[in-house]
Amino acid sequence: MTHVLVLNGPNLGTLGTREPEIYGSDTLDDLRALLEADAVTLGATLEVRQTDHEGELLGWLHAAAQSKTPVVLNAGAWTHYSIALHDAVQYVTSSGVPLIEVHISNPHAREEFRHTSVVTAVATGVIAGFGFDSYRLALAQLAR
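Residues numbered from 1 in each chain as written. Predicted model: local features only at pLDDT ≥ 70, side-chain atom pairs only at ≥ 80, totals over all residues. Heavy atoms only, no water.

As recorded in an unreviewed UniProt entry, the chain goes by the name 3-dehydroquinate dehydratase, listed as coming from Gryllotalpicola protaetiae. Quoted verbatim from the Subunit (unreviewed entry) field of the UniProt record, the comment on the chain reads "Homododecamer." One UniProt comment on the chain, placed under Catalytic activity (unreviewed entry), says "3-dehydroquinate = 3-dehydroshikimate + H2O". (UniProt positions renumbered as here; feature names shortened; annotations may be inferred.)

Below, the structure written as structure tokens:
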């Protein structure tokens, strides 16, 4: 049985109330419930976590690399500028652990600064623009 970490960065704890026209009206708890139901169907287990503290996210990524736990990652704003995040993701994937970068919206259809991801070059794959289905697609891929 595959165990997957679903890691979320800054401001994603405000899903449902922050910019619902972009991110939808469902909450992080709604996402967790959706993914938990999918995990049962896929024969996987998962943990959904969110933090507004970059060091905490880096620690989770380091632990995923060491425990060989696949990751679904929505790093929020850190996606666009955090070299420390890039290095932690590279540690995960260079350890042979798959990590899929996800985005609820399509960053390339938004502000110019969102067009750059420091994660993409070192992630196993990227899924963006499908709302919560971005996570569901990533989870299904990792559970294979």
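What follows is about the UniProt feature "binding site: substrate" (unreviewed entry) in the chain. When the UniProt feature table is mapped to this numbering, "binding site: substrate" (unreviewed entry) covers Asn74, His80, Asp87, Ile104, Ser105 and Arg114. With the annotated positions falling across 41 residues, the maximum pairwise C-alpha distance of 24.0 Å shows that they are not confined to a single cluster. Lining the largest pocket, from the residues named above, are Asn74, His80, Ile104, Ser105 and Arg114. Within the secondary structure, Asn74 is located in strand β3 (residues 71-74). The class of Asn74 is buried, set by a relative accessible area of 4%. Each residue touching Asn74, except ones within four places of it in the same chain, is listed here: Leu7, Asn8, Gly9, Leu12, Val102, His103, Ile104 and Tyr135. Structurally, Ser105 can be placed in the loop between β4 (99-103) and β5 (125-128). (1 Å grid on protein atoms, 1.4 Å probe; cavity = no way out; pocket = protein on both sides within 12 Å on 5 of 7 lines; lining within 4 Å. Helix = DSSP H or I, 4+ residues; strand = E, 2+ residues; numbered from the N terminus. Buried < 20%, exposed > 50% of the residue type's maximum accessible area, 1.4 Å probe, protein only. Contact = heavy atoms within 4.5 Å.)

On to the layout of surface pockets, then. Taken as a whole, the largest pocket holds about 200 Å³ of empty space. Surrounding the largest pocket, 16 residues form its lining, Tyr23, Gly76, Ala77, Arg110 and Arg114 being those nearest its centre. The residue inventory of the lining of the largest pocket, partitioned by class, reads 6 nonpolar, 7 polar and 3 charged. (Points joined across faces, edges and corners; volume = space filled by probe spheres on them. Nonpolar A, V, L, I, M, F, W, Y, C, P; charged D, E, K, R; others polar.)

So, about unusual backbone geometry. Located in the positive-phi region is Asn11, a residue other than glycine, with phi close to 75 degrees. Along the chain, Asn11 turns up in the loop between β1 (2-8) and α1 (20-23). You can call Asn11 partly exposed: its relative accessible area is 37%. One non-glycine residue, Lys68, lies in the positive phi region at around 60 degrees. Examined against the element boundaries, Lys68 turns out to sit in the loop between α3 (54-67) and β3.

Working note: regular strand, side chains alternate between the two faces of the sheet. The two faces of β3 match: Val71 and Leu73 on one face and Val72 and Asn74 on the other face are all buried. Sheet analysis places β1 next to β3, joined by 4 bridges and oriented parallel. Paired with Val6 across the strands is Val72, a residue of β3. Two strands pair when backbone bridges link them, and β3 and β4 are joined in this way by 3 bridges, in the parallel orientation. Residue pairing in the sheet places Val72 in a bridge with Ile100 of β4. On the question of chirality, the crossover connecting β3 to the parallel β4 by way of helix α4 (residues 83-94) is right-handed. (Pairing = 2+ DSSP bridges. Right-handed = clockwise from strand over helix to strand, strands pointing away.)

What follows covers the nonpolar core. Leu35, Val72 and Tyr135 are the most contacted members of the largest nonpolar core, which totals 23 residues. Going through the elements one at a time, β1, α2 (28-42), β2 (44-50), β4 and α5 (133-143) are the ones with two or more residues in this core. Sorting elements by how many residues they give to this core places α5 first, with 5 residues. The residues contacting Leu35, other than those within four sequence positions of it, are Val6, Leu46, Val48, Tyr135, Arg136 and Leu139. (Core = buried A, V, L, I, M, F, W, Y, C linked by side-chain atoms within 4.5 Å.)

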